[in-house]
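Observations on the three-dimensional arrangement
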Amino acid sequence: MEKLSLAVGFVRKLNTRTILIVLFCVIYFIFEYYIAKHSDGRHYKHFTLQMAVLPILFFNCGRIASVLLNTIFVLILIFDFDISYNCQLVTSGTLDAVMGTNRHEAASMLSTICWPVLCAVMLVLGGVAALSWKLGRWNPRIALVSFVFILLSGTYACWRVYTLKSSLRSETWADIGELSDIASSLRQRSPGVVGDVTYIMVMSVQRALDKRFIVHPHAITDAQVIGRHAGRVHNIIFVMGESSLAKRYGVYGYASQNTTPGFRAAQAQGQVCIVGKVHSNANLTRYSVPMTFSFETPLARNQFFQEKNLIEMARDNGYKTFWISSQDGTGPYARSYGYISEYSDYTTRQDYNNKTNGVTWKDESLLPVLADRLRDSAPYKLYVLHINGSHQSYEDKVRPEDRAALPQADTYDQSIHHTDDLVQRVMAMAASTLGDYTLIYTSDHGEIVGVGHGYQYGGYDQYTIPMIIHDSHGTGRYCDMAEALRNEDGYYTSIMNKYLLLDMLGYDVDTHYINSMRKSDTILHSDLKVYAYANLPTARDRR
């Protein structure tokens, strides 16, 4: 009884401010623990517990600092929680994608969030700000003690990374390969919001220091290439789509809506072939696009920076090259395909060489530039069109014409209809200007409709893509070649695109390499691990 009365007396002595701060600590811990548990790598419970001390620091730094620190941290906490909940597992690739989001993409994605949720978030942030103003005090002793406690935790995590990375002792911080390891290791040692923010900060330094993405000629040609002669196709057009799920294409058997009337008509006229059972080798654009235009594969990724890419090889064999894109090519996420694009003789993107071209995120903005460049007099030409296609938000990828054509369809189906029309317009322009040309249309990856892509347990929809080919004057050599390039499991995969292009460009490839590639079907997944396609993580693997 005496002990109980002492405990009751202690609780009575606690004032409302102390109880609320402790409550904040508990809430921080619960959210941090959830985020940490849904992050790849090891989970350090002690670090999550130590970070729960943050409110004690924030509330004792004075009213203004308390409002700013608490509100900003809660905003990041909500954002990180939302990513963890929706993506199921937050990986380094997930954070790279977040870092690479431009203003339009951010606004577009924000528009997919319903108003009640946004209002609820604003109310929470307003409540946190008001409570922080009311409870904020300047108490240097408590602030210093909590700061030192958190600092020691962070210092310990940094020290552990340092001791495990012996190469750091001989490498400079400008060695960007090491910076990526540092960012990932620190994130694993400090899971949750702090780890994710640390990762983004270090990778931002990488963006400033990264020497790998400086465009310079490569001297090495991949060993697979054994010969070169005049190009087989004078005019090549490669249209790289975005977030396009083949299962929503009418020409792939989708019957709910007539999403691809143009492709269907072209198929009926013998102008295109539809390659079935196709999947991408990655579910994120930054990894999938380089696998088409370089010798990178899920199992061999060093070639991207060490060897000539296909744009360089096209130029070496007398092709004039054009890369016309409605997507950005800068930032830690987009830089991989922006880097390749800048090897072209002519490159224009919404963020590059665009003072007079008028290129925007709208795919139609590419057509005037393409029309002009199709008139180039070079005898051999390679055009790459990289479009926004069906990336979320689907709503802003749809025109009034698509809504009128498919009034009962959802916006994703309408966006597919939009892309179908765009490609038909490209084909019409090429036919009238070039006459003889070969066109490939495919996508970087698929889409979990209404959800997105790059999800750890999202399954196969985020890999299932279309592959449609217009051979010179119709169908023929490259339709047959695509069928011959299928893996032993029956799938055509996007890493085989390079062999179609190399043949068009006039290069001979050792068939032993191709046959070896066909024996295994692997993908580079969201967690940057390589899986057999048949065994990629799905919802049933989610714990």
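In the block above lies the structure referred to throughout.
Residues numbered from 1 in each chain as written. Predicted model: local features only at pLDDT ≥ 70, side-chain atom pairs only at ≥ 80, totals over all residues. Heavy atoms only, no water.

1. Focus on the pairing of strand E8 (residues 438-443)
Defined as follows: Residue exposure (1.4 Å probe, protein chains only): buried if accessible area is under 20% of the type maximum, exposed if over 50%, otherwise partly exposed. The numbering of helices and of strands both runs from the N terminus, where a helix is a DSSP run of H or I of at least 4 residues and a strand a run of E of at least 2. By this definition, two strands are paired if DSSP reports at least two bridges between them.
Burial analysis of E8 places six of its six residues in the buried class, which makes it a mostly covered element. Along E8, one buried face is formed by Thr-438, Ile-440 and Thr-442 and the opposite face, lined by Leu-439, Tyr-441 and Ser-443, is buried too. Sheet topology note: the strand E2 (residues 235-241)/E8 ladder contains six bridges and is parallel. Across the sheet, residue Ile-236 finds its bridge partner in E8, namely Thr-438.

2. Regarding helix H19 (residues 411-433)
Selection criterion: By definition here, a helix of n residues has an expected span of 1.5 Å times n minus one. Side-chain atoms alone can form a polar contact between residues adjacent in sequence; in general such a contact is a pair of N or O atoms within 3.5 Å, and within protein one must be able to donate a hydrogen while the other accepts it.
Taking 1.5 Å per residue, 23 residues should reach 33 Å; H19 reaches 33 Å between its end C-alpha atoms and fits that length. Here H19 starts with a cap whose side-chain oxygen sits 3.2 Å from the backbone nitrogen of Tyr-412, and that cap is Asp-410. Following H19 by one or two positions, Gly-435 has its phi on the positive side, about 80 degrees.

3. A word on the side chain of Ser-344
Applicable threshold: The contact rule is simple, with two residues in contact once any of their heavy atoms fall within 4.5 Å.
Residue position: Ser-344 is located in the loop between helix H16 (331-341) and strand E6 (346-348). Residue Ser-344 is classed as buried on the basis of its relative accessible area, which comes to 7%. A polar contact of 3.1 Å, which involves the side chain of Ser-344, links it to the backbone oxygen of Ser-341. When residues no more than four places from it in sequence are discounted, the contact partners of Ser-344 are Ile-311, Arg-315, Thr-321, Phe-322 and Trp-323.

4. Remarks on the nonpolar core
The following threshold applies: Think of a nonpolar core as a cluster: buried Ala, Val, Leu, Ile, Met, Phe, Trp, Tyr and Cys residues, connected wherever their side-chain atoms sit within 4.5 Å.
Of all hydrophobic cores here, the largest spans 54 residues; its most connected members are Phe-293, Ile-469, Tyr-492, Tyr-499 and Leu-500. Discounting chain neighbours no more than four positions away, the residues touching Leu-500 are Ile-440, Met-467, Ile-469, Tyr-478, Met-481, Ala-482, Leu-485 and Tyr-492. The next biggest cluster of nonpolar side chains, apart from the first, holds 35 residues, and it includes Val-239, Ile-324, Tyr-383 and Tyr-441.

5. Some thoughts on the state of the cysteines
Where we set the bar: Two cysteine sulfurs form a disulfide in these notes if their separation is within 2.5 Å.
Evaluated as defined, the whole model comprises one disulfide. At a sulfur-sulfur separation of 2.0 Å, the disulfide partner of Cys-273 is Cys-479. Here the S-S torsion is close to -95 degrees, and the disulfide linking Cys-273 with Cys-479 is therefore left-handed. One end of the pair, Cys-273, is in strand E3 (residues 273-274); the other, Cys-479, is in helix H20 (residues 477-484), with 206 residues separating them in the sequence. Comparing Cys-273 with Cys-479 shows no difference in burial state: the two are buried.

6. Some details on the packing of helix H12 (residues 261-268) against H19
To describe two helices that pack against each other, one gives the angle between their axes and the distance between the axes. Spelled out, the test is: In this analysis an axis means a line fitted to C-alpha atoms, helices contributing only their contacting stretch, and an angle means the value between N-to-C directions, from 0 to 180 degrees. The scheme is simple: roughly parallel for angles under 35 degrees, roughly antiparallel for over 145, roughly perpendicular for 65 to 115, oblique for anything else. Residue polarity is assigned by list, with Asp, Glu, Lys and Arg as charged and Ala, Val, Leu, Ile, Met, Phe, Trp, Tyr, Cys and Pro as nonpolar; anything else, Gly included, falls into the polar class.
Here H12 crosses H19 at 50 degrees, and the two axes come no closer than 7 Å. Taken as axis vectors, H12 and H19 run oblique relative to one another. Counted together, Pro-261, Gly-262, Phe-263 and Ala-266 of H12 and His-417, Asp-420, Val-423 and Gln-424 of H19 form the full contact between these two elements. Looking at the contact of H12 with H19, its residues break down into four nonpolar, three polar and one charged.

7. A look at the packing of aromatic side chains
Going by this rule: Under the pairing criterion, centres of Phe, Tyr and Trp rings, with the six-membered ring standing for Trp, must be within 6.5 Å; the plane angle then separates stacked pairs below 30 degrees from edge-to-face pairs above 60, leaving the rest tilted. A ring is considered to have a charge above it if a Lys NZ or an Arg CZ atom is located within 6 Å of its centre and within 35 degrees of its normal.
Taken as a whole and judged by the stated rule, the model has 25 aromatic pairs. Both rings, one in Tyr-319 and one in Tyr-380, keep their centres 5.2 Å apart while their planes meet at 65 degrees; by these two values the pair is edge-to-face. One end of the pair, Tyr-319, is in the loop between helix H15 (310-316) and strand E5 (320-325); the other, Tyr-380, is in the loop between helix H17 (366-373) and strand E7 (381-386), with 61 residues separating them in the sequence. One aromatic cluster is present, built from ring pairs that chain together Phe-24, Tyr-28, Phe-58, Phe-59 and Phe-73. Lying across the ring of Tyr-346, Arg-373 places its NZ or CZ 3.8 Å from the centre. Positioned above the aromatic ring of Tyr-499, the side-chain terminus of Lys-498 is 5.9 Å from the ring centre.

8. Structural notes on the packing of helix H13 (residues 285-293) against H16
Our working definition: By the definition used in this description, the sense in which the near helix is turned from the far one sets the handedness, with an anticlockwise turn below a right angle giving left-handed and a clockwise turn giving right-handed.
Direction vectors running N to C along H13 and H16 enclose 15 degrees, while the axes themselves pass 8 Å from each other. Judged by the inter-axis angle, H13 sits roughly parallel to H16. Crossing of H13 over H16 shows left-handed handedness. In this structure, H13 contributes Thr-285, Arg-286, Val-289, Pro-290 and Phe-293 to the contact, and H16 contributes Pro-332, Tyr-333, Ser-336, Tyr-337 and Ile-340.

9. Details of the pattern of salt bridges
Condition: Within this document, salt bridges are pairs made up of a side-chain nitrogen of Lys or Arg and a carboxyl oxygen of Asp or Glu, the two lying within 4 Å of each other.
Counted according to the given criterion, the structure contains 22 salt bridges. Between Asp-351 and Arg-349 there is a salt bridge, with its nearest N and O atoms 2.9 Å apart. For Asp-351, a relative accessible area of 29% translates into the label partly exposed. Judged by its relative accessible area of 2%, Arg-349 is buried. We note a salt bridge from Glu-364 to Arg-399, for which the minimum N-O separation is 3.8 Å. Pair noted here: Glu-364 is in the loop between E6 and H17 and Arg-399 is in the loop between E7 and helix H18 (400-405), with a separation of 35 residues, a long-range link. With relative accessibility at 21%, the residue Glu-364 sits in the partly exposed group. By relative accessible area, Arg-399 is classed as buried at 13%.

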